[in-house]
Every structure is written in C-alpha cells, then in structure tokens.
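Geometric and topological summary
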Amino acid sequence: MEFDAILLPARRAQSIAQRHWYDRTINDDLDACVRECPDKLALTAVRGETGAVRRFTWRELAALADRAAIGLARLGVGRNDVVAMQLPNTWQFTLLYLACSRIGAVVNPLMPIFRERELSFMLKHGEAKVLVVPKVFRGFDHEAMARGLAPQLPSLARIIVLDDDGPDGFDTLLTGPDWENEADAAAILSRGRPGPDDITQLIYTSGTTGEPKGVMHSANTLMANIVPYAARMRLSADDVVLMASPMAHQTGFMYGLMMPVMLRAGAVLLDVWDPRRAAELIRSEGATFTMASTPFLTDLTRTVRESGQPVPSLKTFLCAGAPIPGPLVEQAREVLGSKIVSAWGMTENGAVTTIELDDDDERAFTTDGCALPGAEVRVVDMEGRPLPHGEVGRLVVRSASNFGGYLKRPQWNNTDADGWFDTGDLAKQDAAGYIRISGRSKDVIIRGGENIPVFEIESLLYRHPAVLQVAIVAYADERLGERACAVVVPKPSQSLTFDEMVAFLKVQKVAVQYIPERLVTRDAMPATPSGKIQKFKLREMLRDGTI
C-alpha cells in the first residue's frame, strides 16, 4: 500500500525543533517497558460475557508481540501492509497493534458495530491484506460476515478468527507456534521496524462526503498528542487506566492502548460496557483514570450511587464526545469523588482541548477546555479572519498531532498552507482561551460519542419507493447527547411507518446504531427559495415539539 500522507513532510522540521514530535515509535516504549519493569502488570483484559480475565506482564506482552509479528510475516504481511481488525477491547487488539508495529505493518481498527455496507468500502479502500475478527461477538457472527465479504476484496489474503481452533484461528496462526525460535526470527523483527514518520494507523471517520474517510497517522502525530495529554492529566507509571470505550475509536486506541505503554502504566480493558462490572474493576484493579463519552459517566455515577460502594481510586474521569450536563458533573463529583474533565477532539488529531485539573468544576459543563501544548485553536469567520471572544464561528486547529491526510482523498484534507485544519465545527472562545462547541457545520450527528454518517443514511432512504424527500437531524437526549430523527415527505399516495423504515435500513445492512430512532412525516420541508432543506428549522421544530 502506498500512503499519501502529504501533510506530514511540511511540518516535520518545525515539529522536531519545537520538541512536539519525539521521533520514536511504540516499539521504543515497549522495549523500555521490558528493560525498566519487565515483571510489572501491564495489561488486564476482561470478557464481559464470560467474566474471563487474562493478565500480562510487560515481559510476557512483548514476547507475545514478537511471536505474533513473526506469525504475521509468515502470512506475507510486511512493511506498509494493512492489517484490519474488527475487534472489541480484547488483549488480542493490543497485541496486534504491537505486533504490527514490530514489522512496519499498518493497523486499521474497525468498530464492531460495522456491517457489510461500511466494511465493504473500508476494507477495499484501505486495501486490507489481513482481516482479524471475533468468531462471534454479542450474538453476531463476524466470521460469516467476513467470509461473505472476502470475494469482493481483491487485496484480502487472509481472515484470522478469534476463539477458533481451526486453521484460521488466532492462536493457530499467531500465538501458538514458537515463531521466535525460528532461524530467521531476529532478522524479521529487525528489518521491518518502521520509522516515526511512517504511517502506523489507518482509521475511518464518518463525514458528509458520502463515504467514510481514511485518516492516516504516524507515531509522531499520535505521540504528539498523547504526551501532553498525559502530562495535563498528571498521569504516570503509577496509574492504572480503565478503558471501556472502544479501542477502534481514537479514544480507546490512543489512551487505552498506546498511552499505558508510553507511561509504563497498567491498562484494564472491558470489552462490553457494563457499569456494574466497570465499578467492580475500578475497585479490584485500582483504576485511577478513565476516558469515555457522557453516557458512560451517567451510567457509572448511577451504579455507584445505587450500590453504595465507592470507587476511591478513580481520580479522573475525562468525558468527551458530547457536552456534559451541569447536574451530572455535580452528581459525579459527589458520588465518584473524581475530577470530571471535559474535552474536545477528533479522529484527525486526538484530544485537542481539555480543562485543567485545577479548574473549577463549572468549566467542565460550560467549556470544552483549552488547547493542549503543541496545539492551537482559532475561531474564524467564513473568510478565515479571527473573530472576537464570545462570537461563534468556524473552529480551526493547528497541531503537531494533526493527521497526515485522508487516504486517496487529498482534496478533502481541509488544511491550508499555514497548517490550519478546518474541523467543520462551530465554536466560540473566551478571553482565557477556552472554547465551547456550539454546533457543527458538517452534517454529522453524535450519538453517545458515535458519529452517524447522515449523508449515507439519507441516500439509502431516498431509495425507498415511498420517499420523496428526507432529512436526518439531531434531537437532544439526556443520556446519549443526541439521537437521530428522520423527517420524510412521502411520495403522493404513499406512506412510511417507523417499522418499515427500520426494516428497510436493516436490509441495507446498516449498523443498528446508525438507524434513526424517530420518524416524522410531513407534507413539505422548510426550504430556502432555491429549494435547499433548512435543517436548522427542523431541529428547532423538534426542540419545540411542533413536529
């Protein structure tokens, strides 16, 4: 695979000079873990359905990473080959990234909720050479879906399956044989190591362009965010990170997988969100930090309050993906005893802004924080001119952690000659530099921290024989932040029910989380004189209860 990460070379010299790029990879940190604390507990992975627990020291994790790396090489995986994995938060997820990094392969995390429609594009566009899936997860047969997709994917050479004892099993191919004892093992591990500017991660994000965008990151861009993030949160080797947010998202990948390795800290992975089990793990494992979206904070606070069993080790809960209601911050502060931190970021650059740990609690529900070291934020007008404090405008970001570009779609990079990336979000900024996201110029709904690709779902609904016009808009939800409502104008003499809409989208193999949770039918849409649907009016109508 050829990666067109054209945004990286132009800012290398400055990023190195300003010490925002560290010119190292996760290999360097894993090697340091083995040197400095080989027998320290590195990773604890819990399977929600069975309660099974797997633990690794740094020595054990690194040895297994080397073994899996050689196993991948035996399958023909090498430098710049893409290894896609549609996995929940399992130890195999962490291991695969570390193994890929050993031989210069690029990891492509895929959300477990994705189905044929999303995967067929991503795997083909990313030219995945290997796809790793669970045999079954949450009652869904991922292996059958993967094998059904394989004939459409010319680059796909192998499917590897977790919990399978057959010839395509994860243990059979990667962690069972003593690959490290083969005569050429050392040579494989030494010749394939990537550099800090090589692409290490390809991750897809939803947008308004009608297809997912492949975000390319190097070790330098990812670490340029993780180092100042950890410093602001005052995290160290003494911490234990609980990660229940999907590691197929940047939240889980950067702060649940990479950050613990970089800090020599412990990580605890939970594959299925269960607030009761999460609270138990915080207590039993001594978790000190976690990051998740607002619904996770709501659930954990309620569970701890109702159980009466405190979680005294949890110092910080960083919450991102949707605004945090003020009452929730107050309740969580009282019930959990943790500092609640608000933040804003994107797949393209990681967390860009957070509040400070010493800030008043009010900052967590009135702002989305200030820029991390190495990042700059501006609020500008349509012509790119900075706006006065308090005025809403386009949010642009210039950061050492900004991505290398969108794979095969450089025309969408949205980055100007001075390095400012147009986030597509609207915000305002106060005199202290704290921002508040006030809307999105891009047409994306964030449901519980998960981006819903509005354009794609609308396009599918337009294929329904009863639909004349459709617009999908957000409406507020206390737990998830936003949910999606489909507003439809039926064709003359036609009708559409909610159940019919859901059934139609399921036939199209749309992820369940992407299906609108309300349907409103109307005789006409509010529109401009040119006929463009005025979605802001639909949102106002939903808010006011007039539709």
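Whatever comes next refers back to the structure up there.
Report follows, based on the coordinates.

**So, the nonpolar core**
Ranked by internal contacts, the top residues of the largest apolar core, which has 160 residues, are Val132, Tyr229, Met258 and Met259. Here Met259 is in contact with Ile226, Tyr229, Ala230, Leu235, Val241, Met254 and Phe289, once residues within four sequence places are set aside. Counting 16 residues, the second-largest nonpolar core is a separate cluster that includes Leu7, Ile203, Val397 and Tyr406.

**Some words on the pairing of strand 14 (residues 350-354)**
Burial analysis of strand 14 places five of its five residues in the buried class, the great majority of the element. Taken together, the four bridges between strand 13 (residues 339-346) and strand 14 define a ladder with antiparallel strand orientation. Its bridge partner lying in strand 14, Met346 is registered against Gly350. In this structure, the hairpin formed by strand 13 and strand 14 is closed by a connection of three residues. Pairing between strand 14 and strand 15 (residues 370-371): two bridges, direction antiparallel. Bridge pairing in strand 15 places Thr353 opposite Ala371.

**A word on the sheet that holds strand 22 (residues 467-477)**
Here three strands make up an open sheet; going across it, the order is 22-23-24 and the pairing mixed. Lying at the two open borders of the sheet, with one neighbouring strand each, are strand 22 and strand 24 (518-521). Sheet twist, expressed as the mean angle between neighbouring strand axes with direction ignored, is 25°. As defined by bridge partners, strand 23 (residues 481-490) adjoins strand 24 across four bridges and the pair is classed as parallel.

**Observations concerning the pattern of salt bridges**
Taken as a whole and assessed by the stated rule, the structure comprises 43 salt bridges. Measuring nitrogen to oxygen at the nearest pair gives 2.7 Å for the salt bridge that ties Arg234 to Asp358. Remark: Asp358 occurs in the loop between strand 14 and helix 14 (362-366) and Arg234 occurs in the loop between helix 9 (219-232) and strand 9 (240-243); sequence separation between them is 124 residues. Salt bridges sharing partners connect three or more residues here, namely Lys135, Glu143, Arg147, Arg158, Asp164 and Asp168.

**Some thoughts on helix 12 (residues 294-307)**
Given a rise of 1.5 Å per residue, 14 residues ought to cover 20 Å, and the 20 Å separating the end C-alpha atoms of helix 12 matches this to within 8%. Restricting attention to buried positions, one finds in helix 12 the residues Thr294, Pro295, Phe296, Leu297, Thr298, Asp299, Leu300, Thr301, Thr303 and Val304. Close packing links the buried residues of helix 12 with helix 11 (275-285), strand 11 (289-292), strand 12 (316-319), helix 13 (326-336) and strand 13.

**Concerning unusual backbone geometry**
Positive phi, close to 50°, is recorded for Asp23, a residue that is not glycine. Following the sequence through the fold, Asp23 ends up in the loop between helix 1 (9-17) and helix 2 (26-36). On the accessibility criterion, Asp23 (34% relative accessible area) is partly exposed. You will see that Arg234, though not glycine, has its phi angle at about 55°, which is positive. The exposure class of Arg234 is partly exposed, given its relative accessible area of 49%.

**Details of the pairing of strand 23**
Of all ten residues in strand 23, nine are buried; the element is thus mostly enclosed. Counting the residues that bridge the hairpin from strand 22 to strand 23 gives three residues. A crossover links strand 23 with its parallel partner strand 24, the connecting element being helix 16 (residues 498-507), and its sense is right-handed.

**Describing the side chain of Ser342**
Along the chain, Ser342 turns up in strand 13. Among the residues examined, Ser342 registers a relative accessible area of 2% and is labelled buried. Excluding its chain neighbours within four sequence positions, the residues that come into contact with Ser342 are Cys319, Ile324, Thr353, Thr354, Ile355, Arg363, Ala364, Thr367, Asp368 and Gly369.

**Notes on the side chain of Ser338**
Relative to the helices and strands, Ser338 resides in the loop between helix 13 and strand 13. Residue classification places Ser338 among the buried positions, given a relative accessible area of 0%. A distance of 2.7 Å separates a polar atom in the side chain of Ser338 from the backbone oxygen of Leu314. Setting aside residues no more than four positions away along its own chain, Ser338 makes contact with Leu314, Lys315, Thr316, Phe317, Ala332 and Arg333.

What counts, and at which threshold
- Residues numbered from 1 in each chain as written.
- Predicted model: local features only at pLDDT ≥ 70, side-chain atom pairs only at ≥ 80, totals over all residues.
- Heavy atoms only, no water.
- Core = buried A, V, L, I, M, F, W, Y, C linked by side-chain atoms within 4.5 Å.
- Buried < 20%, exposed > 50% of the residue type's maximum accessible area, 1.4 Å probe, protein only.
- Contact = heavy atoms within 4.5 Å.
- Helix = DSSP H or I, 4+ residues; strand = E, 2+ residues; numbered from the N terminus.
- Pairing = 2+ DSSP bridges.
- Axes fitted to C-alpha atoms, helices over the stretch in contact; angles between N-to-C directions.
- Salt bridge = Lys/Arg side-chain N within 4 Å of Asp/Glu carboxyl O.
- Expected span 1.5 Å × (residues − 1).
- Right-handed = clockwise from strand over helix to strand, strands pointing away.
- Polar contact = N/O pair within 3.5 Å; in protein donor to acceptor, adjacent residues only side chain to side chain.

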